Amino acid sequence: MGGNMKKTLIRNGYLIDPGSRLEGFYDLLIENNKIERIEKDIKYSKNVNIIDGKNKYIVPGFIDLQVNPGNSIEYISDILPFCGITTPLVMPCNVLGKPFLTYYEGLENMLKSCEGLRVNIANAISIEPPDTGGHETYMQLAVDMDSIEERVLELIQLGVTAVGEVVLPLGGLAHISSDMSREFLDRLLDVTEKYDMPILLHTGAGINGIKEAVEVSKGRRLHICHIGSTCSQDNIHEAITLISRNENITSDTHLSEVAGSNSKESKLVIDYYNKGEVVNIDKDTLKITTVRNLETANPPYYYNKVNLFENNITCALSERINAIESDDLGDGIRARILLKNFFRLVNSTEMEHIKVKFIKKLVKKLTYNPAQILNIDRGILKEGSYADIVLLDLENEKVDTVLVNGEIVLDNGKLTDNKPGKRIEFKSK
């Protein structure tokens, strides 16, 4: 694609876009970073780059509502295209064993590192109670009650996409400890509602945390993270019903068999380690080995919860759960597991029309819905929209080709040298 005008034509693929409700065999003409035309049969000239989508499904690029940086934002950005993810919402967590802000030497340096990568980067920064303990990164993000509004305004000025993942042990065990969760959440919601800032919350283990979050929200907008994992030992259907009764509350789920953390100080990691149930997973082979010594083992630390996978599948297929996220810990493992389970759910039937229904249901939770939750202009394929596009190969259960802002970052399963990713900034509705 030479010259100032970059044109690419995707042909012969089957388009499924839940956001625009467009479905069928369509061609997509891309000019520079946006979709110029979507038509049945677009005529083209010799200077157009052709992508053959034969036997592929064309969908918007996935928006992952929770990716932790783990081995650094730069590192995970090279893995995510293989999983169809073109815009991760990067959460604060430990990076290579160091607290988030320590590793990047401050928030502004971290945000600068999010430009010019293989994927777009949306950022969420947590705001935690002043008595926070038990997790190095979250302790750095603690503020006094009277400083919440000042902190939110600072994040808005810096272009941070959302507040999150706020971790509050409302109903039980969480990655942090605090005695002022309810009061803190109430004040925080007042501020995020005032400035129309998306806020994502992890309530702590158990359905009681979700109940308390709903009570405190009082109709204010709130997103509750990964309820399938949160309610692994409670009635997931009760949790889904509770959330669905409150129209300003959205929610998401993992699509994985494992939960995990990058912090050996995490109370959940310590609890499962004492049960002999913490494992490491090889990022290339996905082979599992039990952690025998937590002090010498390298993060991430993975563990399974009772009913975790069953709950996640229930949530993924439920109309009442809005989004699917990987909660990847920065090594690409849970993003790969999400994609593996996506394909296995879709291919669980031989009936083509049911495959298409499954694709539409799951893709909507990975594209249009998370874009609406974050209020970002991604997750849809229509004329004039940003060309974040994924070609799915269902037969071989892999992502074939990925475009980010109109440039190919994954070509027939291989990374290119293109790094067109942009930082996705907060925009008030």
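We now turn to the structure provided with this report. (Residues numbered from 1 in each chain as written. Predicted model: local features only at pLDDT ≥ 70, side-chain atom pairs only at ≥ 80, totals over all residues. Heavy atoms only, no water.)

1. Side note on the overall build of the protein chain
Of the regular secondary structure elements, the protein chain holds 14 helices and 24 strands. Computed over the C-alpha atoms, the radius of gyration of the protein chain is 21 Å, within 12% of the 22 Å expected from 2.2 N^0.38 for a compact globule of 429 residues. Viewed in the frame of its principal axes, the protein chain has a C-alpha envelope of about 65 × 45 × 45 Å. The 429 residues of the protein chain split such that 59% are buried. A separation of at least 24 residues holds for 74% of the contacts in the protein chain among residues at least 6 apart in sequence. For the protein chain, the accessible area works out to roughly 17100 Å², and carbon and sulfur atoms hold 45% of it. (Helix = DSSP H or I, 4+ residues; strand = E, 2+ residues; numbered from the N terminus. Rg over C-alpha atoms; globule rule 2.2 N^0.38 Å. Buried < 20%, exposed > 50% of the residue type's maximum accessible area, 1.4 Å probe, protein only. Contact = heavy atoms within 4.5 Å. Areas by Shrake-Rupley, 256 points an atom, 1.4 Å probe, with all protein chains shown as cover.)

2. A short note on helix α12 (residues 333-346)
Taking 1.5 Å of rise per residue, the 14 residues of α12 would be expected to cover 20 Å, and the 20 Å separating its terminal C-alpha atoms lies within 8% of that figure. Most of α12 is tucked away, with eleven of its 14 residues classed as buried. Of the residues making up α12, those classed as buried are Ile333, Arg334, Ala335, Ile337, Leu338, Leu339, Asn341, Phe342, Phe343, Leu345 and Val346. (Expected span 1.5 Å × (residues − 1).)

3. Overview of the layout of surface pockets
Of the pockets and cavities examined, the largest pocket occupies roughly 460 Å³. In terms of lining, the largest pocket is formed by 24 residues, of which the most central are Glu319, Lys360, Lys361, Lys364 and Asn369. Mapped by element, the contributors of at least two residues to the lining of the largest pocket are β2 (14-17), β3 (22-25), α9 (236-244), β14 (249-253), α13 (352-366) and α14 (368-374). (1 Å grid on protein atoms, 1.4 Å probe; cavity = no way out; pocket = protein on both sides within 12 Å on 5 of 7 lines; lining within 4 Å. Points joined across faces, edges and corners; volume = space filled by probe spheres on them.)

4. Describing the nonpolar core
With 87 residues, the main nonpolar core has Met110, Leu188, Ile210, Ile227 and Leu392 as its most contacted residues. Per-element tally for this core: the top contributor is α12, with seven residues. Ignoring any residue separated from it by four or fewer positions in sequence, one finds Ile210 in contact with Thr203, Ile224, Ile227, Thr230, Cys231, Ala239, Leu242 and Ile243. (Core = buried A, V, L, I, M, F, W, Y, C linked by side-chain atoms within 4.5 Å.)

5. A few points about the pairing of strand β11 (residues 162-167)
With six of six residues buried, β11 is to be regarded as a mostly interior element. Bridge analysis of strand β10 (residues 121-125) against β11 gives two bridges, and the strand direction is parallel. Note on β11: the bridge partner recorded for Ala124 is Ala162. Sheet topology note: the β11/strand β12 (residues 199-202) ladder contains three bridges and is parallel. Bridging across to β12, Val163 finds its partner in Ile199. Regarding the hand of the β-α-β motif, the stretch spanning β11, helix α6 (residues 181-195) and β12 is right-handed. (Pairing = 2+ DSSP bridges. Right-handed = clockwise from strand over helix to strand, strands pointing away.)

6. Focus: the packing of aromatic side chains
Applying the stated criterion to the full structure yields seven aromatic pairs. Residues Tyr14 and Phe25 carry aromatic rings whose centres are separated by 4.9 Å and whose planes lie at 85° to one another, so their mutual orientation is edge-to-face. Placement of the pair is Tyr14 in strand β2 and Phe25 in strand β3, with a sequence separation of eleven residues. Taking the relative accessible area as the measure of exposure, Tyr14 reaches 19% and is therefore buried. For Phe25, a relative accessible area of 52% puts it in the exposed group. The rings of Tyr14, Phe25 and Tyr57 are connected pair by pair, giving a single aromatic cluster. Between the NZ or CZ atom of Lys34 and the centre of the ring of Tyr386, over which it lies, the distance is 4.8 Å. (Phe/Tyr/Trp six-rings, centres within 6.5 Å; stacked < 30°, edge-to-face > 60°. Lys NZ or Arg CZ within 6 Å of the ring centre and 35° of its normal.)

7. Some points on the pattern of salt bridges
Taken as a whole and judged by the stated rule, the model has 22 salt bridges. The partner of Asp186 in a salt bridge is Arg220, and the shortest N-O contact between them spans 2.6 Å. Remark: Arg220 occurs in the loop between α7 (207-217) and β13 (222-224) and Asp186 occurs in helix α6; sequence separation between them is 34 residues. Assessed through its relative accessible area of 26%, Asp186 is described here as partly exposed. Overall, Arg220 belongs to the buried group, its relative accessible area being 10%. (Salt bridge = Lys/Arg side-chain N within 4 Å of Asp/Glu carboxyl O.)

8. As for the environment of Ile424
Mapped onto the fold, Ile424 is located in strand β24 (residues 423-424). The buried category is assigned to Ile424, whose relative accessible area is 7%. Separated by 47 residues in the primary sequence, Ile424 and Asp377 have C-alpha atoms spaced 9.0 Å apart.

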